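For reference, the chains in residue letters:
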Amino acid sequence: MKENFVPGDENSKELFTYFGLAVYYSQALEQQLANLIMVMKVSQGDLQSAEQFNENFRKKLSSSLGQLVNEIQHHFSFTDEESTKLKAIWKQRNYIVHDYFKQRIHEAFDKQGREAMIVELRTFCDEARLMEIRLQEYTEQLFNQIDLEK
């Protein structure tokens, strides 16, 4: 017999917690991609003034994850594995944000279904977090190479 969906029960709360974390890690990844792009532009001398930097950074922060992924792929040498993982995270992020509950709503009404969804969302969070950390490492390495005295 299926257990009814109860929005306040612990299993339901955990599902929505991981959904929220998936969105959070997606946004953290977007932010880190924007940071890496901006550090690349500074390191290449593409931004000559604070105004150029601020305007460009503002534009990057309003870009979608897909736009940022496409831009970074043209300017940064990722390993094949990193490129594949980044694209997979982007695709999964879009599914989670736009279609997840539309396609999985019936599973949300069943305890086992919710548990499977939680595992899937946790996996996404872990993968997005690891990619964000890797991008942060690249950003720091590149930033440390910049001669700010120029």
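Use the structure listed above.
Remember, it's a predicted structure, so these values are computed and weren't measured experimentally. (Residues numbered from 1 in each chain as written. Predicted model: local features only at pLDDT ≥ 70, side-chain atom pairs only at ≥ 80, totals over all residues. Heavy atoms only, no water.)

Chemist: Quick question: what am I supposed to make of the packing of helix α1 (residues 10–43) against helix α2 (residues 50–61) here?
Modeler: Two quantities define a packed helix pair, namely the angle between the helix axes and the distance between the axes. The geometry of α1 relative to α2 is characterised by a closest axis approach of 9 Å and an angle of 150° between their N-to-C directions. Looking at the two axes, α1 sits roughly antiparallel to α2. Seen from above, α1 lies across α2 with right-handed handedness. Facing Gln31, Ala34, Asn35, Ile37, Met38, Lys41 and Val42 of α1, the residues of α2 in contact are Phe53, Asn56, Phe57, Lys60 and Leu61. (Axes fitted to C-alpha atoms, helices over the stretch in contact; angles between N-to-C directions. Helix = DSSP H or I, 4+ residues; strand = E, 2+ residues; numbered from the N terminus. Parallel < 35°, antiparallel > 145°, perpendicular 65-115°, else oblique. Left-handed = near helix turned anticlockwise from the far one by under 90°. Contact = heavy atoms within 4.5 Å.)

Chemist: Honestly, the packing of aromatic side chains in this entry has me stumped. Any pointers?
Modeler: Each aromatic ring pair is summarised here by two numbers: the centre-to-centre distance and the angle between the ring planes. This model, assessed by the stated rule, comprises 9 aromatic pairs. Centroid distance Phe16 to Phe101: 5.5 Å. Interplanar angle 25°. Geometry classified as stacked. Note that Phe16 is positioned in helix α1 and Phe101 in helix α5 (residues 100–108), a separation of 85 residues in sequence. Residue Phe16 is classed as partly exposed on the basis of its relative accessible area, which comes to 37%. Taken together through their ring pairs, the aromatic side chains of Phe16, Phe19, Tyr95, Tyr100 and Phe101 make up a single cluster. The ring of Tyr138 is capped by Arg134, whose NZ or CZ atom sits 4.1 Å from the centre of that ring. (Phe/Tyr/Trp six-rings, centres within 6.5 Å; stacked < 30°, edge-to-face > 60°. Buried < 20%, exposed > 50% of the residue type's maximum accessible area, 1.4 Å probe, protein only. Lys NZ or Arg CZ within 6 Å of the ring centre and 35° of its normal.)

Chemist: Teacher, can you tell me more about the packing of α1 against helix α4 (residues 80–98) here?
Modeler: Between α1 and α4, whose axes approach to 10 Å, the crossing angle comes to 135°. When the interaxial angle is binned, α1 and α4 end up oblique. Our pair here, α1 against α4, has a crossing hand that is left-handed. Where α1 approaches α4, its residues Phe19, Ala22, Val23, Ser26, Leu29, Glu30 and Leu33 are matched on the opposing element by Leu86, Ile89, Arg93, Ile96 and Val97.

Chemist: Just checking my understanding: could you explain the pattern of salt bridges for this structure?
Modeler: Charged atoms that come close allow side chains of opposite charge to pair. Within this structure, the stated rule accounts for 10 salt bridges. Asp99 is the salt-bridge partner of Lys102, the closest N and O atoms lying 3.3 Å from each other. A residue is classified by how much of its surface remains accessible, and Lys102, at 63% relative accessible area, is exposed. Ionic pairing is found between Arg104 and Glu107, a salt bridge with its closest N-O pair at 2.6 Å. Placement of both Arg104 and Glu107 in helix α5 is noted, with a separation of 3 residues, approximately one turn of the helix. By relative accessible area, which is 12% here, Arg104 ends up buried. Taken together, the shared-partner salt bridges connect Glu55, Arg58 and Lys59 into one network. (Salt bridge = Lys/Arg side-chain N within 4 Å of Asp/Glu carboxyl O.)

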